[in-house]
Amino acid sequence: MIREIDADLISPDKLMTSSDMARLGCRHCDGCSECCTDRAEAITLDAWDIRMLKEGLNYSFEGLLGSSLITLRVVDGVILPCLSVKEGEKQECVFLQEDGKCAVHSFRPGICRMFPLARIWREDGSFSYFLQAGECRQPDGVKIRISKWLEYPNIRAYEESVREFHDALTALRGEMKKDLSHEEQVRLQRQFLEQWFIH
Ligand code: SF4
Ligand code: SF4
């Protein structure tokens, strides 16, 4: 999900690349699963996330949808896959186990890996990481390099994929704001889902 944030509120010295160090290590969450409960509904998935889930669970995109592990939602005007949420008041992510651990930890989505970091995008399609102050319940973490925190074997390939996906999503959002017929909107949405998630 894109949130409008006034970039002036984040001082430039707080913007980081994956080579920077940040105070993040929250002792492996130490029994806390706050991020996986009432936040889960907002976790949208990009093409890299879906590929990891497909490979990790040995499902097709349609299989993930059919098993209700992911859900399609309209996010900022575009249909995107999101993590499903279990029924009940707590709004737990479908992958949160009873022991408080993540069933897909080794191939969990990018937003889960980043937290309490987030990304801020610039108009030229580049991005920086920043720390969402006060969001983590165990904020006094140890300093760790962001690339290590994200735990991707090839951080450059991941970041390039995220940039490409963001460019395509921004272009689609631009198209959807035009005065298109319903049929044309459906065609564009379907094309996007097929190109980035199904194939
Ligand atoms: S709030 Fe912090 S400690 Fe709790 S699950 Fe999220 S990252 Fe871990
Ligand atoms: S995928 Fe895992 S880490 Fe992400 S919200 Fe679900 S249970 Fe939590």
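Residues numbered from 1 in each chain as written. Chains lettered and ligands numbered in written order. Predicted model: local features only at pLDDT ≥ 70, side-chain atom pairs only at ≥ 80, totals over all residues. Heavy atoms only, no water.

*Asks:* Quick one: what's the story with the packing of helix α1 (residues 47-57) against helix α6 (residues 182-198), residue by residue and with numbers?
*Replies:* One way to put it is that α1 packs onto α6 with a least axis distance of 9 Å and a crossing angle of 55°. Looking at the two axes, α1 sits oblique to α6. For the pair formed by α1 and α6, the contact residues are Ala47, Ile50 and Lys54 on the first element and Trp196, Phe197 and Ile198 on the second. Considered class by class, the residues forming the contact of α1 with α6 number five nonpolar, no polar and one charged. (Axes fitted to C-alpha atoms, helices over the stretch in contact; angles between N-to-C directions. Helix = DSSP H or I, 4+ residues; strand = E, 2+ residues; numbered from the N terminus. Parallel < 35°, antiparallel > 145°, perpendicular 65-115°, else oblique. Contact = heavy atoms within 4.5 Å. Nonpolar A, V, L, I, M, F, W, Y, C, P; charged D, E, K, R; others polar.)

*Asks:* Got a sec to walk through the pattern of salt bridges? Specific residues and values, please.
*Replies:* Overall, the coordinates contain nine salt bridges when judged by the stated rule. For arginine 163, the salt bridge is made with glutamate 160, and the minimal N-O distance between the two is 3.6 Å. Of this pair, arginine 163 and glutamate 160 both sit in helix α5 (residues 155-176), three residues apart, which is roughly one turn of the helix. For arginine 187, the salt bridge goes to glutamate 184, with nearest N and O atoms at 2.9 Å. (Salt bridge = Lys/Arg side-chain N within 4 Å of Asp/Glu carboxyl O.)

*Asks:* Now, about the side chain of lysine 54: what can you tell me, with residues and values included?
*Replies:* Mapping lysine 54 onto the fold places it in helix α1. Within the structure, lysine 54 has its side chain in polar contact with the backbone oxygen of phenylalanine 197 (distance 2.9 Å). Apart from residues lying up to four places away in sequence, lysine 54 is in contact with Tyr59, Ser60, Phe61, Leu64, Phe197 and Ile198. (Polar contact = N/O pair within 3.5 Å; in protein donor to acceptor, adjacent residues only side chain to side chain.)

*Asks:* For the site of ligand 1, give the residues involved together with the corresponding values.
*Replies:* In the vicinity of ligand 1 lie ten residues, with Cys29, Cys32, Cys35, Cys136 and Arg137 positioned nearest. Its residues assigned to classes, the shell around ligand 1 shows six nonpolar, two polar and two charged. (Near = heavy atom within 4 Å.)

*Asks:* Any details on the packing of α5 against α6? Residues and values, ideally.
*Replies:* For the pair α5 and α6, interaxial distance at closest approach is 11 Å and the crossing angle is 175°. By the angle class used here, α5 and α6 are roughly antiparallel. In this structure, α5 uses Glu164, Phe165, Ala168, Leu169, Leu172, Glu175 and Met176 to contact α6, whose residues at the interface are Gln185, Leu188, Gln189, Phe192, Trp196 and Phe197. The residue inventory of the contact of α5 with α6, partitioned by class, reads nine nonpolar, two polar and two charged.

*Asks:* Provide a residue-level description of the packing of aromatic side chains, including the pertinent values.
*Replies:* Scanning all chains against the criterion turns up eleven aromatic pairs. Where phenylalanine 127 meets tyrosine 129, the ring centres are 5.4 Å apart and the plane angle is 90°; that geometry is what we call edge-to-face. Side by side, phenylalanine 127 and tyrosine 129 carry an identical accessibility label, which is buried. A network of ring pairs unites the aromatic residues Phe61, Phe165, Phe192, Trp196 and Phe197 as a single cluster. Positioned above the aromatic ring of tryptophan 48, the side-chain terminus of arginine 51 is 4.7 Å from the ring centre. (Phe/Tyr/Trp six-rings, centres within 6.5 Å; stacked < 30°, edge-to-face > 60°. Buried < 20%, exposed > 50% of the residue type's maximum accessible area, 1.4 Å probe, protein only. Lys NZ or Arg CZ within 6 Å of the ring centre and 35° of its normal.)

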